[in-house]
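Inside the fold
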Amino acid sequence: LKVMISGAPASGKGTQCQMIVEKYGLVHISTGDLLRAEVSQGTEIGKKAKEYMDNGMLVPDDIITDMVISRLSQRDVKEKGWLLDGYPRSPSQAQSLERIKIRPDIYIVLDVPDEILIDRCVGRRLDPVTGKIYHLKYSPPETEEVSARLIARSDDTQERVKLRLETYKRNAVATLPTYLDLLRKVDGNRPKEFVFGEIDSLLQQVY
Ligand code: AP5
Ligand code: ZN
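The written sequence of each chain sets the order in which its residues are numbered from 1. Labels are handed out in written order, letters beginning with A for the chains and numbers beginning with 1 for the ligands. Whole-chain, interface and lining totals are the exception, using all residues; otherwise, since this is a predicted model, local features are given only for residues with pLDDT of at least 70 and side-chain atom pairs are given and counted only at 80 or more. Hydrogens and water molecules were not included; the side-chain quantities draw on all heavy atoms of the structure.

Each Phe, Tyr or Trp ring, with Trp reduced to its six-membered ring, pairs with another whose centre is within 6.5 Å; inter-plane angles below 30 degrees give stacked pairs, above 60 give edge-to-face pairs, and intermediate values give tilted ones. Evaluation of the coordinates by the stated rule reveals two aromatic pairs. Each ring, one from Tyr 24 and one from Tyr 207, has its centre 5.2 Å from the other, and the planes form 85 degrees; the classification is edge-to-face. In this pair, Tyr 24 is assigned in helix α1 (residues 13–24) and Tyr 207 in the segment after α10 (192–206), connecting sequence segments 183 residues apart. Buried, partly exposed and exposed residues are distinguished by accessible area as a fraction of the type maximum, computed with a 1.4 Å probe on protein chains only: under 20%, between the cut-offs, and over 50%, respectively. Exposure remark for Tyr 24: the relative accessible area of 10% places this residue in the buried category. For the ring pair Tyr 107 and Tyr 179, a centre distance of 4.8 Å and an interplane angle of 10 degrees mean the geometry is stacked. Residue Tyr 107 is found in strand β4 (residues 106–111), and its partner Tyr 179 is found in the loop between α9 (158–175) and β7 (183–187); the two are separated by 72 residues along the sequence. Here a helix means four or more residues in a row that DSSP labels H or I, a strand means two or more in a row labelled E, and each is numbered from the N terminus.

This part covers the site of ligand 1. The cutoff for a nearby residue is simple: one of its non-hydrogen atoms must lie within 4 Å of the molecule or strand. Every one of the 32 residues lining ligand 1 counts as a neighbour, but Thr 15, Met 57, Arg 89, Arg 124 and Arg 164 are closest to it. Whenever a nitrogen or oxygen atom comes within 3.5 Å of another N or O atom, the pair is scored as a polar contact, on the condition that within protein one atom can donate a hydrogen and the other can accept it, and that pairs from neighbouring residues in sequence are kept only if both atoms are in side chains. Gly 14 places a polar main-chain atom, nitrogen or oxygen, 2.9 Å from an oxygen atom of ligand 1. Here an oxygen atom of ligand 1 sits 2.6 Å away from a polar atom, N or O, in the side chain of Arg 124. Per-residue accessibility takes into account occlusion by the displayed protein chains alone, with areas from the Shrake-Rupley method and a 1.4 Å probe. Against a free-state accessible area of 1,000 Å², the protein chains account for coverage of 95% of ligand 1.

One way to put it is that helix α2 (residues 31–41) packs onto helix α4 (residues 61–72) with a least axis distance of 11 Å and a crossing angle of 110 degrees. In terms of orientation, α2 lies roughly perpendicular with respect to α4. Contacts between α2 and α4 pair Thr 31, Leu 34 and Leu 35 from the former with Ile 63, Ile 64, Met 67 and Val 68 from the latter. Across the contact of α2 with α4, the residue classes tally to six nonpolar, one polar and no charged. The angle between two axes is taken between their N-to-C directions and runs from 0 to 180 degrees, where each axis is a line fitted to C-alpha atoms and a helix contributes only its stretch in contact. Should an angle fall under 35 degrees it is called roughly parallel, over 145 degrees roughly antiparallel, and 65 to 115 degrees roughly perpendicular, with every other angle called oblique. By definition, residues are in contact when any of their heavy atoms lie within 4.5 Å. Following the grouping adopted for this structure description, the nonpolar residues are Ala, Val, Leu, Ile, Met, Phe, Trp, Tyr, Cys and Pro, the charged ones are Asp, Glu, Lys and Arg, and the polar ones are all others, Gly among them.

This paragraph deals with the pattern of salt bridges. The term salt bridge refers to a pairing of a side-chain nitrogen on Lys or Arg with a carboxyl oxygen on Asp or Glu at a separation within 4 Å. Counted by the stated rule, this structure contains 19 salt bridges. Put simply, Glu 142 and Lys 132 hold a salt bridge, and the shortest N to O gap is 2.8 Å. Note that Glu 142 is positioned in the loop between β6 (133–135) and α8 (144–149) and Lys 132 in the loop between β5 (124–126) and β6, a separation of 10 residues in sequence. Beyond isolated ion pairs, a larger network of salt bridges with shared partners links Arg 124, Arg 153, Asp 155, Asp 156 and Arg 164.

By this rule, a helix spans an expected 1.5 Å times one less than how many residues it contains. Taking 1.5 Å of rise per residue, 12 residues should cover 16 Å, and α4 covers 16 Å from first to last C-alpha, within 8% of that figure. Within the span of α4, buried status applies to Ile 63, Ile 64, Thr 65, Met 67, Val 68 and Leu 72. In this structure, the buried side of α4 is in contact with β2 (27–30), α2, α3 (44–54), α5 (75–80), β3 (82–85) and α6 (91–99).

Okay, the pairing of β4 next. Burial runs high along β4: five of the six residues are buried. Strand direction decides the pairing type here: strand β1 (residues 2–7) and β4, joined by five bridges, are parallel. Pairing of Ile 5 across the sheet is with Ile 108, part of β4. Strands qualify as paired when DSSP identifies two bridges or more between them. Here β4 runs beside β7; their pairing, made up of five bridges, is parallel. If you follow Tyr 107 over to β7, its bridge partner there is Leu 183.

Printed below as a string of structure tokens:
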């Protein structure tokens, strides 16, 4: 199974991917997660990428595309199938995959109204140990121990979320035509279990 998932900042891509992986065992490839790992390890790629990320801009294609393509060619991905989260995000990125005949079975877009997104970002926390995504209000941590180690993302301030949203709007619409025949819009403004229920039934149709 090959799945692409798209949607605005904080539309719930990462959250849904964690639920999809649990049921379908796909390899989750999140370009945001890959880039944040480079930043935290202080690599050359990370140093370059951080400036773009903190300004809510797309990092240049030459950094990101090689990263995705080399991950997609690894053995576990070929065996288990893939779940691409946050890539492609622009027509040129979509073309890079088209050129090497990489196409998903389904292209899911999570639809969430703008006014909800800021609140979701500002309250988001990540568990550095498990990688799990929380929200102080909507998905609070289960234990005190987890609560004490949660961290916020540096691009989750109100101003930075607005910039990310503008970048998303500029690029997303132009990326859609490549996948029009595979496109499935899902209402992401519901409790995450309901959103997953719909995604699950869509995946069953192509599984
Ligand atoms: P990336 O990490 O992909 O950021 P993003 O697209 O802004 O998306 P987010 O990760 O913020 O949100 P999400 O949709 O995963 O939501 P989540 O599930 O966490 O990219 C970061 C940066 O990297 C980019 O800005 C760019 O600079 C760079 N980059 C990445 N890919 C690139 C590419 N292809 N090309 C160039 N540059 C690239 O949920 C958010 C919050 O909401 C959480 O707190 C969660 O608990 C809560 N939540 C989730 N679902 C629900 C629900 N149903 N109800 C209530 N709360 C919910
Ligand atoms: Zn994410």
